[in-house]
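Fold and geometry: a report
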Amino acid sequence: MLDYVLPDFSTIKKGFIKPREEMVFSGKYKTGEQILRLTNERFAVPEIVFHPSDIGIQEMGIPEAVVFSIQNLPEEMQPHFFKNIVLTGGNTLFPGFRDRVYSDVRCLTPTDFEMSVVQSDNPITYAWEGGKLLSENDDFENMVVTRDEYEEHGHSICEEKFDV
């Protein structure tokens, strides 16, 4: 259990966790601070991305979505994608997230496939950095369909340009 002191933006600019020795376990705080007592919410919120059905959302969790996406690729490509799972975004900063994704995906993956789950040093900006590098590639113009091309040719331009 933790007590989180909410920021009030006039005196306290950032919230903080009260030290355990300053927590009041019976009664109320007399300091006028707004306190949010956290118990199992700290664990339940990250769990939702693995099991959305826990809160009534009938969708796949992250591990199932990863496996489903890879299994929809041509069979010969699947082993390569299982070896190159890259986590990006702020949720990947939850403690133990990478290990949890690895173990859950491993349970859903054929045992003869090698598997790797990596997290970048800065997962919040990693996807943007990758897009930036791609846009600086000399062949970038050949890798995209412009709005004008799409409006003139429709989806057939994608089939032609990307050989799908």
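Source: prediction; values computed, not measured.

Note on soluble globular proteins: their nonpolar side chains tend to be buried together. Ranked by internal contacts, the top residues of the largest apolar core, which has 13 residues, are Phe-82, Ile-85, Val-101, Val-105, Met-115 and Val-117. Those elements giving two or more residues to this core turn out to be α2 (62–71), β4 (85–87) and α4 (97–108).

Locating Gln-78 in the fold gives a position in helix α3 (residues 78–82). With sequence-adjacent residues up to four places away left out, Gln-78 is seen in contact with Ile-70, Gln-71, Leu-73 and Phe-113.

This part covers the side chain of Thr-109. With respect to the helices and strands, Thr-109 occurs in the loop between α4 and β5 (117–119). The residues contacting Thr-109, other than those within four sequence positions of it, are Val-67, Phe-82 and Met-115.

Another aspect to go through is the sheet that holds strand β1 (residues 2–5). The strand order across the open sheet formed by three strands is β2-β1-β3, and the pairing between neighbours is antiparallel. For this open sheet the edge positions go to β2 (16–17) and β3 (35–38), each flanked by a neighbour on one side alone. As paired elements, β1 and β3 share four bridges and run antiparallel to each other. Counted as the bridge partner of Tyr-4 is Leu-36 from β3.

What follows concerns the pattern of salt bridges. Under the defined criterion, the tally for this structure stands at six salt bridges. The salt bridge partner of Glu-151 is Arg-147, with a shortest N-O separation of 3.1 Å. Of the two residues, Glu-151 and Arg-147 are both situated in helix α7 (residues 147–153); the distance of four residues between them amounts to about one turn of the helix. Under the relative-accessibility criterion, Glu-151 is labelled exposed at 55%.

Inspection of the secondary structure puts Cys-107 in helix α4. The class of Cys-107 is exposed, set by a relative accessible area of 67%. Note: C-alpha distance between Cys-107 and Pro-63 (44 residues apart in sequence) is 9.3 Å.

This part covers the environment of Thr-146. Along the chain, the position of Thr-146 falls in the loop between α6 (140–143) and α7. What makes Thr-146 partly exposed here is its relative accessible area of 36%. Linking Thr-146 and Ile-157, residues eleven residues apart in sequence, is a C-alpha distance of 9.8 Å.

For the pair α2 and α4, the least separation of the axes is 9 Å and the interaxial angle reads 50°. With respect to α4, the axis of α2 lies oblique. In this structure, α2 meets α4 at a crossing whose hand is right-handed. Note on element contacts: α4 touches α2 through Phe-97, Val-101, Asp-104, Val-105 and Leu-108, opposite Ile-62, Pro-63, Glu-64, Val-66, Val-67 and Gln-71. Grouping the amino acids of the contact of α2 with α4 by side-chain chemistry returns eight nonpolar, one polar and two charged.

Here β1 shows one buried face, formed by Asp-3 and Val-5, and one open face, formed by Leu-2 and Tyr-4. In this sheet, β2 lies alongside β1 in antiparallel orientation, the contact comprising two bridges. Paired with Tyr-4 across the two strands is Ile-17, which belongs to β2.

Reading the values: rules and limits
- Sequence positions are assigned chain by chain, starting from 1 and proceeding in written order.
- Owing to the predicted nature of the model, reporting of local features is limited to residues with pLDDT of at least 70; listing and counting of side-chain atom pairs is limited to 80 or more, with chain, interface and lining totals taken over all residues.
- Water and hydrogen atoms play no part in the side-chain values, which are based on all heavy atoms of the structure.
- By convention a nonpolar core is built from buried Ala, Val, Leu, Ile, Met, Phe, Trp, Tyr and Cys residues, the set being connected through side-chain atoms within 4.5 Å.
- For the exposure calls, accessible area comes from a 1.4 Å probe over protein chains only, and a residue counts as buried if that area is under 20% of its type's maximum, exposed if over 50%, partly exposed in between.
- Under the DSSP-based scheme used, a helix requires at least four consecutive residues in state H or I and a strand at least two consecutive residues in state E, with every element numbered from the N terminus.
- Contact between two residues is taken to exist if any of their heavy atoms lie within 4.5 Å; hydrogens are not considered.
- Two strands qualify as a pair provided that DSSP identifies no fewer than 2 bridges between them.
- Salt bridge criterion: a side-chain nitrogen from Lys or Arg within 4 Å of a carboxyl oxygen from Asp or Glu.
- Interaxial angle, 0 to 180 degrees, is taken between N-to-C directions of lines fitted to C-alpha atoms, where a helix line uses only the stretch in contact.
- Here roughly perpendicular refers to angles of 65 to 115 degrees, roughly parallel to angles under 35, roughly antiparallel to angles over 145, and oblique to all remaining angles.
- Two helices cross in a left-handed way if the nearer one is turned anticlockwise from the farther one by less than a right angle. They cross in a right-handed way if the turn is clockwise.
- Amino acids outside the nonpolar list (Ala, Val, Leu, Ile, Met, Phe, Trp, Tyr, Cys, Pro) and the charged list (Asp, Glu, Lys, Arg) are all regarded as polar, and Gly is one of them.

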